[in-house]
Amino acid sequence: MTVSQPPSTDQALGVIPAPVPLAALVDRAQAGFEDRFGRPPRWIAAAPGRVNVIGEHTDYNDGFVLPMAIERYVVIAADRPQPTSRPMPICMSSSAFETAEWLSPDDASSERLPPWARYVLGVLVGCRSQGMQAGPLDMLIDSNVPLGGGLSSSAALEVATATLIEAVTGRSLPPVEKALLCQQAEHRFAGVPCGIMDQFSSVFGRRDHLMLLDCRSTEITSVPLTDPQVHVLIINTNVKHELTGGEYAERRGQCELAAKRLGVASLRDATWDLLADHSAALEPVLARRARHVIGEIERTVQAAEAIAAGDWKQMGQLMAASHDSLRDDYEVSCRELDLLVELAGQQAPGAVIGSRMTGGGFGGCTVSLVSSEHLETVAHAIHEGYRNQTGIVPSLFTTRPAAGAHVVVG
Ligand code: ADP
Ligand code: MG
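The shown structure was predicted, so the numbers you read here are calculated from the model rather than taken from an experiment.

About the thresholds
Residues numbered from 1 in each chain as written. Chains lettered and ligands numbered in written order. Predicted model: local features only at pLDDT ≥ 70, side-chain atom pairs only at ≥ 80, totals over all residues. Heavy atoms only, no water. Helix = DSSP H or I, 4+ residues; strand = E, 2+ residues; numbered from the N terminus. Buried < 20%, exposed > 50% of the residue type's maximum accessible area, 1.4 Å probe, protein only. Contact = heavy atoms within 4.5 Å. Areas by Shrake-Rupley, 256 points an atom, 1.4 Å probe, with all protein chains shown as cover. Lys, Arg positive; Asp, Glu negative; His and termini not counted. Charge placed at Lys NZ, Arg CZ, Asp CG, Glu CD. Salt bridge = Lys/Arg side-chain N within 4 Å of Asp/Glu carboxyl O. Near = heavy atom within 4 Å. Polar contact = N/O pair within 3.5 Å; in protein donor to acceptor, adjacent residues only side chain to side chain. Nonpolar A, V, L, I, M, F, W, Y, C, P; charged D, E, K, R; others polar. Expected span 1.5 Å × (residues − 1). Arc of directions from axis to C-beta. Pairing = 2+ DSSP bridges. Axes fitted to C-alpha atoms, helices over the stretch in contact; angles between N-to-C directions. Phe/Tyr/Trp six-rings, centres within 6.5 Å; stacked < 30°, edge-to-face > 60°. pLDDT = per-residue confidence, 0-100. Parallel < 35°, antiparallel > 145°, perpendicular 65-115°, else oblique. Left-handed = near helix turned anticlockwise from the far one by under 90°.

1. Topic: the overall build of the protein chain
Secondary structure assignment for the protein chain yields 12 helices and 12 strands. Looking at the 410 residues of the protein chain, the share that counts as buried comes to 55%. Taking as baseline every contact in the protein chain between residues at least 6 positions apart, the subset at least 24 positions apart corresponds to 71%. Entry remark: accessible area of the protein chain is about 16600 Å², with carbon and sulfur atoms responsible for 52%. Each charge class in the protein chain was averaged separately, 33 positive and 47 negative side chains, and the resulting centres sit 4 Å apart.

2. A few points about the pattern of salt bridges
On inspection of all chains with the given rule, the structure shows 24 salt bridges. The partner of R356 in a salt bridge is E56, and the shortest N-O contact between them spans 2.8 Å. Of this pair, R356 sits in strand 9 (residues 352-358) while E56 sits in the loop between strand 1 (43-54) and strand 2 (64-79), placing them 300 residues apart in sequence. The closest approach of N and O atoms between E331 and R289, which form a salt bridge, is 2.8 Å. Here the residue E331 occupies a position in the loop between helix 10 (312-328) and helix 11 (335-345), and R289 occupies one in helix 9 (residues 284-309), the gap between them amounting to 42 residues. A cluster of three or more residues bridged by salt bridges with shared partners is formed by R39, D79, R86 and D138.

3. Some words on the site of ligand 1
With respect to spatial proximity, 16 residues lie near ligand 1, and among them S94, G148, G150, S153 and S154 are the closest. Separating a nitrogen atom of ligand 1 from a side-chain N or O atom of S94 is a distance of 2.7 Å. Between ligand 1 and S154 there is a distance of 3.0 Å, counted from an oxygen atom to a side-chain nitrogen or oxygen. In isolation ligand 1 offers 560 Å² of accessible surface; the protein chains occlude 82% of this area. Among the secondary structure elements, those contributing two or more residues to the shell around ligand 1 are helix 3 (115-129), strand 5 (137-143) and helix 4 (153-169). If one sorts the elements of the shell around ligand 1 by residue count, helix 4 sits on top with 3 residues. For the shell around ligand 1, the residue count by class is 8 nonpolar, 8 polar and no charged.

4. Points about helix 7 (residues 247-262)
Compared with an ideal rise of 1.5 Å per residue, which puts 16 residues at 22 Å, helix 7 spans 22 Å between its outermost C-alpha atoms and is within 8% of the ideal. Regarding helix 7, the residues found buried are E247, Y248, R251, R252, Q254, C255, A258, A259 and L262. The buried side chains of helix 7 occupy one side of the element, clustering within an arc of 160° when seen end-on. Across from the buried face of helix 7, at angles greater than 90 degrees, the exposed residues are E256 and K260. In the core, the buried residues of helix 7 are packed alongside helix 8 (272-277) and helix 9. The first or second residue beyond helix 7 is G263, which carries a positive phi of 75°.

5. So, the pairing of strand 7 (residues 220-224)
As paired strands, strand 6 (residues 209-214) and strand 7 are joined by 5 bridges and run antiparallel to one another. From the neighbouring strand, L210 faces strand 7, where its bridge partner is V223. As consecutive antiparallel partners, strand 6 and strand 7 are separated by 5 residues, and within that stretch T218 has a phi angle of approximately 65°, a positive value.

6. Section: the sheet that holds strand 11 (residues 395-399)
Across the sheet, 4 strands lie side by side as 9-10-8-11; this open sheet has antiparallel pairing. Edge positions in the open sheet fall to strand 9 and strand 11, since each of these has one partner strand only. Adjacent strand axes in the sheet meet at a mean angle of 20° when their direction is disregarded. Pairing of strand 8 (residues 230-240) with strand 11 involves 5 bridges; the strand directions are antiparallel.

7. Details of the packing of aromatic side chains
All told, the structure shown has 4 aromatic pairs when counted by the stated rule. The interplanar angle of 40° and the centroid separation of 4.7 Å between the aromatic rings of F33 and F37 together place this pair among those described as tilted. Within this pair, F33 and its partner F37 are both found in helix 2 (residues 22-37), separated by 4 residues, close to a single helical turn. Consider the rings of F97 and W116, whose centres lie 5.4 Å apart with planes at 5°: the pair is stacked. Remark: W116 occurs in helix 3 and F97 occurs in the loop between strand 3 (90-94) and strand 4 (100-103); sequence separation between them is 19 residues. The class of F97 is partly exposed, set by a relative accessible area of 36%.

8. Side note on the side chain of K178
Relative to the assigned elements, K178 resides in helix 5 (residues 175-189). A polar atom in the side chain of K178 sits 2.8 Å from the side chain of T163. With sequence-adjacent residues up to four places away left out, K178 is seen in contact with V159, A162, T163, E166, L173, V203 and A405.

9. What about the confidence of the model for the protein chain?
The pLDDT averaged across the protein chain works out to 94; a share of 96% of its residues lies at or above 70. Note that pLDDT drops below 50 for residues 1-13; the model gives that stretch 15 contacts with residues more than four away or on any other chain.

10. Details of helix 12 (residues 375-390)
For helix 12, spanning 16 residues, the distance from its first C-alpha to its last is 22 Å, which sits close to the expected 22 Å at 1.5 Å a residue. Buried-residue contacts for helix 12 involve strand 8, helix 11, strand 9, strand 10 (363-371) and strand 11.

11. Some remarks on the packing of helix 4 against helix 5
As a packed pair, helix 4 and helix 5 sit with axes 9 Å apart at the nearest point and diverge in direction by 125°. By the angle between their directions, the pair helix 4 and helix 5 is classed as oblique. Crossing angle aside, the handedness with which helix 4 passes helix 5 is right-handed. Residues S154, A155, E158, V159, A162, T163 and E166 of helix 4 pack against K178, C182 and E186 of helix 5.

Right, dumping it as structure tokens:
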């Protein structure tokens, strides 16, 4: 059984590993299931991670985001259990963790479960409230979305679970409801008050398209990204600095407070003039947060237009301004992310179109648009520069915008 494709000679020499096709990951999940449960699975579902090209920390402010699904997936293989007595109806393992977990959608108390299993339980409970009873299942989770790297492995896990339950029950949720159900699972069971971007990206991902998502109306405008000269390069700092884990909720609270002080429902409704009118009374930290959100929403809409027009110069400037704003006004960057962006900026003219931190911040990944003829040189230079200056080996990969969640077998 195929586990992964051997890298081609060219790619093996560079720092960008050959991509693992979804089919190979599916094979691996299938083999993992057979190893664990002694028979082949009956259903397999897959859901992608995502990278946000621009529009950071705007989703929970009712603003715009411009993400794409990536060619990295959570895959879940499942079958009805053998007819033996079981402590609970669902038994699941993940290749990322050692233990097998038992759970039941009828027992929504998640405290006894390890954090990773709570995402799955949350979705099972949400599906059950929609009348979609999963019934007894053996489940095996495999994935090549890095965990905690800002590429949304958590949403991929939730959406893969919901997609699996659709296959098992033979009922489909309306896609918007499915994304919202998964978001609720993350809020209520993982305690993360996330916006809607991650789950929408995983559900609505479309090959070769970015999605301009209006997080207020949930309207999606597809933006083709098909220029063969432009590659999306993701670089993982391989660090995570969150001190308390509460930074995300803190930023969210500051935005809500800033909106209240400005007299608007959310920062989506704030304008530069309104901010200027309140500048004397608003605490400096709230003014900085608002400045980021107002500017980032503008930049995101402009970025969708720039990509559609093939205006890569403008796109590069917008990405640079986004990073500066996240570093200085929103204060969610870190030394390693800044270094990767600086190194990208030092490459030959025209080699890197734009580069910025992506995801929540404090570590995780940068996203860069790189011209194809310079891809290997750029990747190598940034890899070496980062390793020399930090002592940490970064992980790099390229991806095209990928298809969203789907049932693979079922
Ligand atoms: P991100 O979504 O950016 O990767 P999060 O902290 O939001 O980071 O989510 C990461 C968490 O999601 C992991 O710590 C784990 O609990 C859960 N998770 C993600 N992928 C898997 C997986 N393949 N198996 C089990 N749990 C996973
Ligand atoms: Mg997440």
